[in-house]
Amino acid sequence: MTENGTMEARQRAALERMKQVRHHYERLQTECEAIAGSGGQVTAWGRVGSSGNRVSRPTQNRAMRAVAMEEERRAMLDWFECLRGTYYRLKGREGKSPNLWRHQLILARALRLYAFEGADGELMALALGAPKKLSRRKVVSLLREAALEVAADAEKAGLFRAEEEARTAD
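What comes next concerns the included structure.

**Describing the overall build of the chain**
Part 1 of the argument: Within the chain, the regular secondary structure consists of eight helices and zero strands.
Part 2 of the argument: Mapped from its N terminus to its C terminus, the chain presents α and β elements in the order α-α-α-α-α-α-α-α.
Part 3 of the argument: Restricting to contacts in the chain with at least 6 residues of sequence separation, those with at least 24 account for 68%.
Part 4 of the argument: About 11100 Å² of surface is accessible on the chain, with carbon and sulfur atoms providing 52% of the total.

**Remarks on the environment of Lys156**
Part 1 of the argument: Its place among the elements puts Lys156 in helix H7 (residues 136–157).
Part 2 of the argument: Note on Lys156: relative accessible area 71%, which makes it exposed.
Part 3 of the argument: With 74 residues separating them in the primary sequence, Lys156 and Cys82 have C-alpha atoms 9.8 Å apart.

**Brief notes about the environment of Arg73**
Part 1 of the argument: Assignment of secondary structure puts Arg73 in helix H4 (residues 58–91).
Part 2 of the argument: In sequence terms Arg73 and Leu28 are 45 residues apart; their C-alpha atoms lie 8.7 Å from each other.

**A closer look at the pattern of salt bridges**
Part 1 of the argument: Enumeration according to the criterion identifies six salt bridges in this entry.
Part 2 of the argument: The residue Glu155 makes a salt bridge to Arg10 at a minimum N-O spacing of 1.8 Å. Of this pair, Glu155 sits in helix H7 while Arg10 is found in helix H1 (residues 3–23), placing the two residues 145 residues apart along the sequence.
Part 3 of the argument: When the shortest N-O distance is used, the salt bridge between Arg112 and Glu117 registers 2.9 Å.
Part 4 of the argument: Exposure remark for Arg112: the relative accessible area of 26% places this residue in the partly exposed category.
Part 5 of the argument: Connected through salt bridges with shared partners, the residues Arg89, Glu149 and Asp153 form a single ionic network.

**Re the packing of helix H5 (residues 98–116) against H7**
Part 1 of the argument: Relative to each other, H5 and H7 sit at 95°, their axes nearing to 9 Å. Classified by the angle their axes make, H5 and H7 are roughly perpendicular. Contacts from His103, Ile106, Leu107, Ala110, Leu111 and Tyr114 of H5 reach H7 at Leu142, Leu143, Glu145, Ala146, Glu149 and Val150.
Part 2 of the argument: A per-class count over the contact of H5 with H7 returns nine nonpolar, one polar and two charged.

**Comments concerning the packing of H5 against helix H6 (residues 121–128)**
Part 1 of the argument: Running from N to C, H5 and H6 point in directions that differ by 150°, and their axes come no closer than 10 Å. In terms of their interaxial angle, H5 and H6 are classed as roughly antiparallel. Judged by the sense of rotation from one axis to the other, the crossing of H5 with H6 is right-handed. Where H5 abuts H6, its residues Ile106, Arg109, Ala110, Leu113 and Tyr114 lie against Met124, Ala127 and Leu128.
Part 2 of the argument: A breakdown of the residues in the contact of H5 with H6 according to their chemical character gives seven nonpolar, no polar and one charged.

**Some words on the environment of Arg89**
Part 1 of the argument: Tracing the backbone shows Arg89 in helix H4.
Part 2 of the argument: Its relative accessible area of 33% is what places Arg89 among the partly exposed residues.
Part 3 of the argument: For the pair formed by Arg89 and Gln104, sequence separation is 15 residues and the distance between their alpha carbons is 8.9 Å.
Part 4 of the argument: What Arg89 contacts, discounting residues up to four positions off in sequence, is Lys96, Glu149 and Asp153.

**Quick look at the layout of surface pockets**
Part 1 of the argument: Put simply, the second largest pocket is a space of about 270 Å³.
Part 2 of the argument: Around the second largest pocket sit 18 residues that line it, and Gly121, Arg136, Val139, Val140 and Leu143 are the ones nearest its centre.
Part 3 of the argument: Taken together, the residues of the lining of the second largest pocket sort by class into nine nonpolar, two polar and seven charged.

Each value, and the rule that gives it
- Residues numbered from 1 in each chain as written.
- Predicted model: local features only at pLDDT ≥ 70, side-chain atom pairs only at ≥ 80, totals over all residues.
- Heavy atoms only, no water.
- Helix = DSSP H or I, 4+ residues; strand = E, 2+ residues; numbered from the N terminus.
- Contact = heavy atoms within 4.5 Å.
- Areas by Shrake-Rupley, 256 points an atom, 1.4 Å probe, with all protein chains shown as cover.
- Buried < 20%, exposed > 50% of the residue type's maximum accessible area, 1.4 Å probe, protein only.
- Salt bridge = Lys/Arg side-chain N within 4 Å of Asp/Glu carboxyl O.
- Axes fitted to C-alpha atoms, helices over the stretch in contact; angles between N-to-C directions.
- Parallel < 35°, antiparallel > 145°, perpendicular 65-115°, else oblique.
- Nonpolar A, V, L, I, M, F, W, Y, C, P; charged D, E, K, R; others polar.
- Left-handed = near helix turned anticlockwise from the far one by under 90°.
- 1 Å grid on protein atoms, 1.4 Å probe; cavity = no way out; pocket = protein on both sides within 12 Å on 5 of 7 lines; lining within 4 Å.
- Points joined across faces, edges and corners; volume = space filled by probe spheres on them.

Structure below.
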């Protein structure tokens, strides 16, 4: 795959993760503070079910499902942290020219509206273009550019590498 094709694939992956964070934002925001591991869950659950239960090892079965769910949750929290870090990086002013800072501030607002506040395209067009409304094409362009910024930060954090390793392990 070419370098451009790789960046487009990573941009699409970043957009997909932005959508997932958008749908689960409230839960992610509360879980981000209290990340708990699954260690000790097997011993904490004890025996589940009666002697006639068809699952031969119900405690182990539940623990394995919980571990799989925890890995997905941890990946989602990693992406949430990446989005939040990208937002604050874009919003910061230090070391930027005034024009670059204004442009990245608009990208940060687009990211916040889309991923954290769940705004639709119409609301984003109004909020980003105040006092006049932006075109739908411009809003999509801003979102794609914000997704490229998120993809670059995710690459630095190793999130794509972790996803590729998880896919090859399956």
